[in-house]
Amino acid sequence: RAQQSAKEGDNAALEAEAFFREALSLSPKPTALAGTQADLCHFLSTQRRFAEAQRLCRRSLELSREEGHAEGVCNAHEYLGMLHHMQGDVAKAETSFRRAVAVADEGVKPQRLCSALTNLCVFLWRLGRASEAEAHCERCVDTGQGLRAGEVLRAIRASGAQSG
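The written sequence of each chain sets the order in which its residues are numbered from 1. With pLDDT at 70 or above as the cut-off, local features in this predicted model cover only qualifying residues; side-chain atom pairs require 80 or more to be listed or tallied, and sums for whole chains, interfaces and linings still use all residues. As a convention, hydrogens and water are excluded, and side-chain values are obtained from all of the structure's heavy atoms.

K.L.:
Where do I start with the state of the cysteines in this structure?
P.N.:
Cysteine pairs can be linked by a disulfide, which is a covalent bond between their two sulfur atoms. By definition, disulfides here are pairs of cysteine sulfur atoms that lie within 2.5 Å. For the coordinates displayed, the defined rule picks out three disulfides. With a sulfur-sulfur separation of 1.5 Å, Cys114 is cross-linked through a disulfide to Cys140. Pair noted here: Cys114 is in helix H6 (residues 110-126) and Cys140 is in helix H7 (residues 130-142), with a separation of 26 residues, a long-range link. Each of the two residues, Cys114 as well as Cys140, counts as buried. Covalently, Cys121 is tied to Cys137 through a disulfide, its sulfur atoms 2.1 Å apart. What sets the handedness of the Cys121 and Cys137 disulfide is the S-S torsion sign, and at about -100° it is left-handed. Here Cys137 lies in helix H7 and Cys121 lies in helix H6, a separation of 16 residues in the sequence. On the basis of relative accessible area, Cys137 is assigned to the buried category, the value being 0%. Only runs of H or I of at least four residues qualify as helices and only runs of E of at least two qualify as strands under DSSP, and these elements are numbered from the N terminus. Exposed residues in this analysis have more than 50% of their type's maximum accessible area, buried residues have under 20%, and partly exposed residues fall in between, with area computed by a 1.4 Å probe over protein chains only.

In structure tokens:
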């Protein structure tokens, strides 16, 4: 049963990758799909295909910058943060998450700002830096877009109460 489930998961992953690649091939203008490249980067990261994922994230970042698309730049930095964290490179991950927040602070939709803050919050919390994490989640919650950040914030506070 476990083997069948693993095989089905592998097939689903192959199908998802095929859809991403087909979407990328259909665009007459590469910059139009910078977000899809970033999403494929994240997907490949979850498959532990880091070198290919990083190339796609970097390309997405480059295209988003060329277009002056701050949301795309922020998104690519978030995915690079996740990729670096999966690879165990904490310093690069933190730099990427902080860059995402810096770009978001320059003016993106509140949802994107909140995503960047929440990702930084979760990352810092996993590193044991709860008070710093809490501040970023609080900032997200203050935007009114922080449903997930609110859940994380409650978990941070509950874990602090249990350990204190």
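Next comes the rest of the description.
K.L.:
Is there a simple way to think about the pattern of salt bridges in this case?
P.N.:
Any two side chains of opposite charge can pair, given that their charged atoms come close. Salt bridges are defined by distance alone: a side-chain nitrogen of Lys or Arg within 4 Å of a carboxyl oxygen of Asp or Glu. This structure, assessed with the given rule, holds 10 salt bridges. Here Arg98 and Glu132 are joined by a salt bridge, their closest N and O atoms 2.3 Å apart. With Arg98 in helix H5 (residues 90-105) and Glu132 in helix H7, this residue pair connects regions lying 34 residues apart in the sequence. For the salt bridge of Glu134 with Arg157, the shortest nitrogen-to-oxygen distance reads 2.8 Å.

K.L.:
Looking at this structure, I do not really get the packing of helix H2 (residues 34-46) against helix H4 (residues 70-87). What am I missing?
P.N.:
A packed helix pair is summarised by two numbers, namely the angle formed by the two axes and the spacing between the axes. Where helices are involved, their axes are fitted lines through C-alpha atoms of the stretch in contact, as for all axes, and angles between N-to-C directions lie from 0 to 180°. Put simply, H2 and H4 touch, their axes get as near as 9 Å, and they point 10° apart. By the angle between their axes, H2 is roughly parallel relative to H4. Touching Ala38, Asp39, Cys41, His42, Ser45 and Thr46 of H2 are Asn75, Tyr79, Met82, Leu83 and Met86, all from H4. Any residue outside Ala, Val, Leu, Ile, Met, Phe, Trp, Tyr, Cys, Pro, Asp, Glu, Lys and Arg is labelled polar, Gly included; the first ten of those are nonpolar and the last four are charged. Residues of the contact of H2 with H4, tallied by class, amount to six nonpolar, four polar and one charged. Note that the term roughly parallel is reserved for angles under 35 degrees, roughly antiparallel for angles over 145, roughly perpendicular for angles of 65 to 115, and oblique for everything else. Any pair of residues with heavy atoms lying within 4.5 Å of one another is described as a contacting pair.

K.L.:
I tried to follow the side chain of Asn119 on my own but got confused; where do I start?
P.N.:
Tracing the sequence through the fold places Asn119 in helix H6. When sequence neighbours within four positions are dropped, the list of residues in contact with Asn119 reads Glu78, Met82 and Phe97.

K.L.:
Would you explain a positive patch on the surface in this entry?
P.N.:
On the surface, Arg58, Arg65, Lys92 and Arg99 cluster together into a patch of positive charge. Those elements that provide at least two residues to the positive patch are helix H3 (50-67) and H5. As for its position among the elements, Arg58 is in helix H3. Patch construction takes residues with relative accessible area above 30% that form no salt bridge. Like charges are linked within 9 Å, and nonpolar side chains (Val, Leu, Ile, Met, Phe, Trp, Tyr) are linked within 5 Å. Only the protein chains shown count as covering a residue, and every accessible area follows the Shrake-Rupley method with a 1.4 Å probe. The convention is simple: Lys and Arg are positive, Asp and Glu are negative, and His and the chain ends are not counted. Where a charge sits is defined by one atom per residue type, namely NZ (Lys), CZ (Arg), CG (Asp) or CD (Glu).

K.L.:
Which parts of the structure should I look at to understand the packing of H6 against H7?
P.N.:
At a closest axis distance of 8 Å, the pairing of H6 and H7 adopts a crossing angle of 165°. In terms of axis orientation, H6 runs roughly antiparallel to H7. In this structure, H6 crosses over H7, and the sense of that crossing is left-handed. From H6, Leu113, Cys114, Leu117, Thr118, Leu120, Cys121, Leu124 and Trp125 reach across to H7, where they touch Ala130, Glu132, Ala133, His136, Cys137, Arg139 and Cys140. By residue class, the composition of the contact of H6 with H7 is 11 nonpolar, two polar and two charged. Crossing handedness: left-handed means the near helix sits turned counterclockwise from the far one by under a right angle, and right-handed means the same turn made clockwise.

K.L.:
Any chance you could explain the packing of aromatic side chains here in plain terms?
P.N.:
Each aromatic ring pair is summarised here by two numbers: the centre-to-centre distance and the angle between the ring planes. Between rings of Phe, Tyr and Trp, where Trp is taken as its six-membered ring, a pair exists when centres lie within 6.5 Å; planes separated by under 30 degrees are stacked, by over 60 edge-to-face, and by other angles tilted. Overall, the coordinates contain one aromatic pair when judged by the stated rule. Ring geometry for Phe97 and Phe123: centres 5.1 Å apart, planes at 45°, overall tilted. In this pair, Phe97 sits in helix H5 while Phe123 sits in helix H6, placing the two residues 26 residues apart along the sequence. Judged on exposure class, the residue Phe97 and its partner Phe123 are both buried.

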